[in-house]
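Here are the chains, one letter per residue:
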Amino acid sequence: MGALGDAPWRLLVLDFITFVALGGGTVVIPLALVKHCQSNDDNCAAKAAQRLVQYGLAGSLPQLLAAPLVGRACDRLGPKIPLLAGGVGVVASLILAALWALYGWPFYALLLSAAANGLCGGTLGFLAASFAYAAASAKAPEEETYAPLAGAAEEEEAPEQRTGGFRGVAVALTLSICVSPAAGGAAAQHFGAFATLAGASGIAAVALLWTLFALPAVAPTKSEAKADVLRGLKVVAAPPTRFLALAWTLVATNNIGVGNIATQYLARDRSSTGVGLYISLLGAAAAVGTLVIEPLVRKIWTGDEFRLNLLLARAGCLVAAGISVGFALLPASNPGIYGIACLASVTAASMPASRALLVASAPKEDGGAALGALGALESASG
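Throughout this document, residue positions are counted from 1 along each chain, in the order its sequence is written. Only residues with pLDDT of at least 70 are given local features in this predicted model, and only at 80 or more are side-chain atom pairs given and counted; all residues enter the totals for whole chains, interfaces and linings. Neither water nor hydrogens contribute to the side-chain values; these are computed over all heavy atoms in the structure.

J.: Please explain the pattern of salt bridges as it appears in this structure.
T.: Two side chains of opposite charge can pair, provided their charged atoms sit close to one another. Definition used for salt bridges: Asp or Glu carboxyl oxygen within 4 Å of a side-chain nitrogen of Lys or Arg. Scanning all chains against the criterion turns up 5 salt bridges. Note that Arg298 is salt-bridged to Glu294, the shortest N-O span being 2.6 Å. Taken as a pair, Arg298 and Glu294 lie in helix H12 (residues 272-300) at a separation of 4 residues, close to a single helical turn. Relative accessibility under 20% of the residue-type maximum defines a buried residue, over 50% an exposed one, and the middle range a partly exposed one, all with a 1.4 Å probe and only protein chains included. Judged by relative accessible area, Glu294 falls into the buried class, the value being 0%. Across the pair Arg307 and Asp304 runs a salt bridge, and its minimum N-O distance is 3.4 Å. For Arg307, a relative accessible area of 57% puts it in the exposed group. Salt bridges linked by common partners bring Arg167, Glu294, Arg298 and Glu305 together as one network. We count a stretch as a helix when DSSP gives it H or I for four or more residues in a row; a strand needs E for two or more, and each element gets its number in order from the N terminus.

Set out below in structure tokens:
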């Protein structure tokens, strides 16, 4: 899949800052909805769970509609435009959430903040655009500088070359999760929800300015004026990508469900700082997966890269199911939940592999559309 440095460093800085803002800000919202309930008040807990579901739907439904547009825009306009749109959505969402916390606005204002992010592509759309930017920035090898022989077809770029920067994007994401939930939970406990969300919106604004002025534009893979916004869905619906997309959608359904339940489950018995620290522990385990486990497996693997990516994707699916079973069987006070967190390393190691498989299976000019369609399916799973 390539080395960590294959991804442009400006993109990695952008991803890290953006996901720090998102992780630090969004961890506050479920805590704010859950923490006011007493530990034995099941009716309040049920209402909080209902509102968490509504908040998730308010973001995922617009994201479901926007993600195919994000993917197609990456192919037609270049990925910088969707990254800018995603940055605007993050800033607007966090500002609205901060105002909700400051003025005590009704719950629908919080739903509006989630919808604002979703309409601009949402977290999954931003991630898809980041992977598309890494793929579009891949440099052709400089060994052969001569022109191809007359009548001979020019050899296409190898899929593994196009996906060489995917590891860097995954590392930036997982490293941000190491920092942001713990910082967000501690800030919420000591300074309140408004200060935490306002600080997160400021960090997101820095990321938006970085995108605008520091991130260079890359050429789109298609220059035709007419865009087929459903092209990505058509690509992932065709064999063999349909089976990969279905499997990873099921994994996303599992992960999103576990994440929502685990936050409420932990918040009943832990402080905001404690919940944030546990989520950051998940991020640390994920960082080990992307920085240590995945490169080590690739180093000792002797077969072709496609089979290795397939192996990692299968392992990620199995371990994600194991995490769900672990949370279902163990109470929050059981030390075994820290062992569950360690399993996140395997799931994280499989994330760039699954997307590399998708891009390798799709036509080169439709890579961004396929990534956007996968984001739409993951949004539907939420």
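Next, the rest of the story.
J.: How do you make sense of helix H13 (residues 305-329) when you look at a structure like this?
T.: What sets the pattern is the α-helix's 3.6 residues per turn: residues three or four places apart point alike. With 25 residues, H13 extends 36 Å between its outermost C-alpha atoms, agreeing within 8% with the 36 Å of an ideal straight helix rising 1.5 Å per residue. Any N or O atom pair separated by 3.5 Å or less is treated as a polar contact, with the protein-specific requirement of one donor-capable and one acceptor-capable atom, and with residues adjacent in sequence counted only for side-chain atom pairs. Of the residues flanking the start of H13, the one acting as N-cap is Asp304, its side-chain oxygen 3.2 Å from the backbone nitrogen of Phe306. In a helix, the anticipated span is given by 1.5 Å times the number of residues less one.

J.: Help me out: how do you make sense of H12 in this one?
T.: Helix length check: H12, at 29 residues, gives a terminal C-alpha distance of 41 Å against a target of 42 Å (1.5 Å per residue), a fit within 8%. Fitting one axis to the seven residues ending at a residue and another to the seven starting there, the bend at that residue is the angle between the two axes. Gly289 marks the point of greatest bend in H12, at about 35°.

J.: Explanation requested: the packing of helix H4 (residues 80-103) against helix H5 (residues 107-119) in the structure shown.
T.: Two quantities define a packed helix pair, namely the angle between the helix axes and the distance between the axes. Simply put, an axis is a line fit to the C-alpha atoms, just over the touching stretch for a helix, and the angle between two N-to-C directions goes from 0 to 180 degrees. As a packed pair, H4 and H5 sit with axes 7 Å apart at the nearest point and diverge in direction by 170°. It follows that H4 is roughly antiparallel to H5 by the angle criterion. Facing H4, whose interface residues are Gly86, Gly89, Val90, Ala92, Ser93, Leu96, Ala97 and Trp100, H5 presents Phe107, Ala109, Leu110, Leu112, Ser113, Ala114, Ala116 and Asn117. Of the residues in the contact of H4 with H5, the class split is 11 nonpolar, 5 polar and no charged. Orientation labels follow simple angle bins: below 35 degrees gives roughly parallel, above 145 gives roughly antiparallel, 65 to 115 gives roughly perpendicular, and whatever is left gives oblique. Residue contacts are counted whenever heavy atoms from the two residues lie within 4.5 Å of one another. Three classes are used, and their members are as follows: Ala, Val, Leu, Ile, Met, Phe, Trp, Tyr, Cys and Pro are nonpolar, Asp, Glu, Lys and Arg are charged, and the others, Gly among them, are polar.

J.: Before we go on, may I ask you to explain the environment of Gly274 in this structure?
T.: With respect to the element layout, Gly274 can be found in helix H12. What makes Gly274 buried here is its relative accessible area of 17%. Put simply, Gly274 and Gln189 are 85 residues apart on the chain and 9.8 Å apart in space, counted from C-alpha to C-alpha.

J.: Could you clarify how one ought to interpret the packing of aromatic side chains in this entry?
T.: Paired rings are identified among Phe, Tyr and Trp, the last through its six-membered ring, by centres lying within 6.5 Å, and are further divided according to the angle between planes into stacked (under 30 degrees), edge-to-face (over 60) and tilted (the rest). Here the structure, examined in full by the defined rule, presents 5 aromatic pairs. Note on Tyr103 and Trp105: the rings are 5.7 Å apart at their centroids and 20° apart in plane angle, and the pair reads as stacked. Tyr103 gets classed as exposed once you look at its relative accessible area, which sits at 53%. Judged by centre distance (4.8 Å) and plane angle (65°), the rings of Phe131 and Phe166 are edge-to-face.

J.: Is there a simple way to think about the side chain of Thr18 in this case?
T.: By the secondary structure assignment, Thr18 is in helix H1 (residues 9-26). For Thr18, the side chain forms a polar contact with the main-chain oxygen of Leu14, separated by 2.9 Å. Beyond its immediate sequence surroundings of up to four residues, Thr18 is in contact with Val90, Phe126 and Ala207.

J.: Would you mind going over the packing of H1 against helix H6 (residues 122-136) with me for this structure?
T.: At a closest axis distance of 11 Å, the pairing of H1 and H6 adopts a crossing angle of 170°. Of the possible angle classes, the one that applies to H1 and H6 is roughly antiparallel. On the side of H1, the interface is formed by Leu11, Leu14, Asp15, Thr18, Phe19 and Leu22, while H6 contributes Thr123, Phe126, Leu127, Ser130, Tyr133 and Ala134. In terms of residue class, the contact of H1 with H6 is made up of 8 nonpolar, 3 polar and 1 charged.

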